[in-house]
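Chains, contacts and geometry: an overview
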Amino acid sequence: MNETSIETRSVVIEREVAFPPEKIWRALTQPHLIEEWLMKNDFKPVMDHRFKLSADWGSVDCQVLEVEPNQTLSYTWCAYGLESVVTWTLTPTSTGTHLRMEQSGFRPDQQQAYQGARHGWQKFLANLEQVLARTD
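Procedures and definitions
- Residues numbered from 1 in each chain as written.
- Predicted model: local features only at pLDDT ≥ 70, side-chain atom pairs only at ≥ 80, totals over all residues.
- Heavy atoms only, no water.
- Helix = DSSP H or I, 4+ residues; strand = E, 2+ residues; numbered from the N terminus.
- Buried < 20%, exposed > 50% of the residue type's maximum accessible area, 1.4 Å probe, protein only.
- Contact = heavy atoms within 4.5 Å.
- Areas by Shrake-Rupley, 256 points an atom, 1.4 Å probe, with all protein chains shown as cover.
- Pairing = 2+ DSSP bridges.
- Axes fitted to C-alpha atoms, helices over the stretch in contact; angles between N-to-C directions.
- Core = buried A, V, L, I, M, F, W, Y, C linked by side-chain atoms within 4.5 Å.
- Salt bridge = Lys/Arg side-chain N within 4 Å of Asp/Glu carboxyl O.
- Polar contact = N/O pair within 3.5 Å; in protein donor to acceptor, adjacent residues only side chain to side chain.
- Disulfide = S-S within 2.5 Å.

Scanning the protein chain from N- to C-terminus turns up three helices and seven strands. The order of helices and strands in the protein chain, counted from the N terminus, is β-α-α-β-β-β-β-β-β-α. For the protein chain, the C-alpha atoms occupy an extent of roughly 55 × 35 × 30 Å along the three principal directions. A total of 136 residues make up the protein chain; the buried ones form 40% of that total. A sequence separation of at least 24 residues applies to 47% of the contacts in the protein chain between residues at least 6 apart. When the accessible surface of the protein chain is summed, it comes to about 7,800 Å², and 49% of that surface belongs to carbon and sulfur atoms.

One open sheet accounts for seven strands, arranged 1-7-6-5-4-3-2; its pairing is antiparallel. If you trace the sheet from one side to the other, it starts and ends with strand 1 (9–17) and strand 2 (40–41), each paired once. The strands touched by helix 1 (residues 21–29) within the sheet are strand 1, strand 4 (58–68), strand 5 (72–79), strand 6 (82–93) and strand 7 (96–106), with strand 6 carrying the most contacts at an inclination of about 160°. Against the sheet, helix 3 (residues 111–134) touches strand 1, strand 5, strand 6 and strand 7, its axis set at about 15° to strand 1.

On to the nonpolar core. Within the largest apolar cluster, 37 residues are counted, with the highest numbers of intra-cluster contacts made by W37, L38, L53, Y75, W77, W88 and W121. Here the element with the most residues in this core is helix 3; it accounts for eight residues.

Tracing the sequence through the fold places T91 in strand 6. Exposure remark for T91: the relative accessible area of 37% places this residue in the partly exposed category. With 30 residues separating them along the chain, T91 and W121 place their C-alpha atoms 19 Å apart. Residues within four places of T91 in sequence aside, it is in contact with G96, T97 and H98.

A separate point is the pattern of salt bridges. Scanning all chains against the criterion turns up five salt bridges. In this structure, K52 engages D61 in a salt bridge whose closest nitrogen and oxygen atoms are separated by 2.7 Å. K52 sits in the partly exposed class, given a relative accessible area of 35%. Of the charged contacts, one joins R100 and E102 as a salt bridge, the two residues approaching to 2.9 Å between their closest N and O atoms.

Counting buried positions along helix 1 yields seven of nine residues, so the element is predominantly enclosed. Within the sequence span of helix 1, burial applies to P21, K23, I24, W25, A27, L28 and T29.

Right, let's get into the side chain of Q110. Examined against the element boundaries, Q110 turns out to sit in the loop between strand 7 and helix 3. At 3.1 Å, the side chain of Q110 and the backbone oxygen of G81 are in polar contact. At 2.9 Å, the side chain of Q110 forms a polar contact with the backbone nitrogen of R107. The contacts of Q110, once residues within four sequence positions are left out, are G81, L82 and G105.

This paragraph deals with the state of the cysteines. Throughout the structure, instances matching the rule amount to zero disulfides. Among the cysteines around C78, which has no disulfide bond, C62 carries the closest sulfur, lying 7.2 Å off. A relative accessible area of 27% places C78 in the partly exposed class.

So, to be careful, I would describe these as geometric facts and stop short of saying anything about function.
In structure tokens:
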């Protein structure tokens, strides 16, 4: 019996951010802040919590997979046939935090979704940095 594995791709964005992990964690987990940089939502940083991200173009169904406060946040990201996982990793540095975002699970036939995510996450992370700069 032969098993064929489908090669999937990931979008990875890494940034050095001049804020402590605790501040970034708040922006990643508090619904009113998430709405400012990403989308409207009903997020809760609770294992297995199902939530929806909503924008004018549609919505994304999500479920929390991992919560390690100020360190790791992971959730599913399912929309328009794409079933992927978004993982945020926060690592303290001498000047702030190394922020890593990975969205994994793009199949070869999902090139448009992959390219959209590559561009979209750059914009979302720029928005996140603006939120961090103006919040306490």
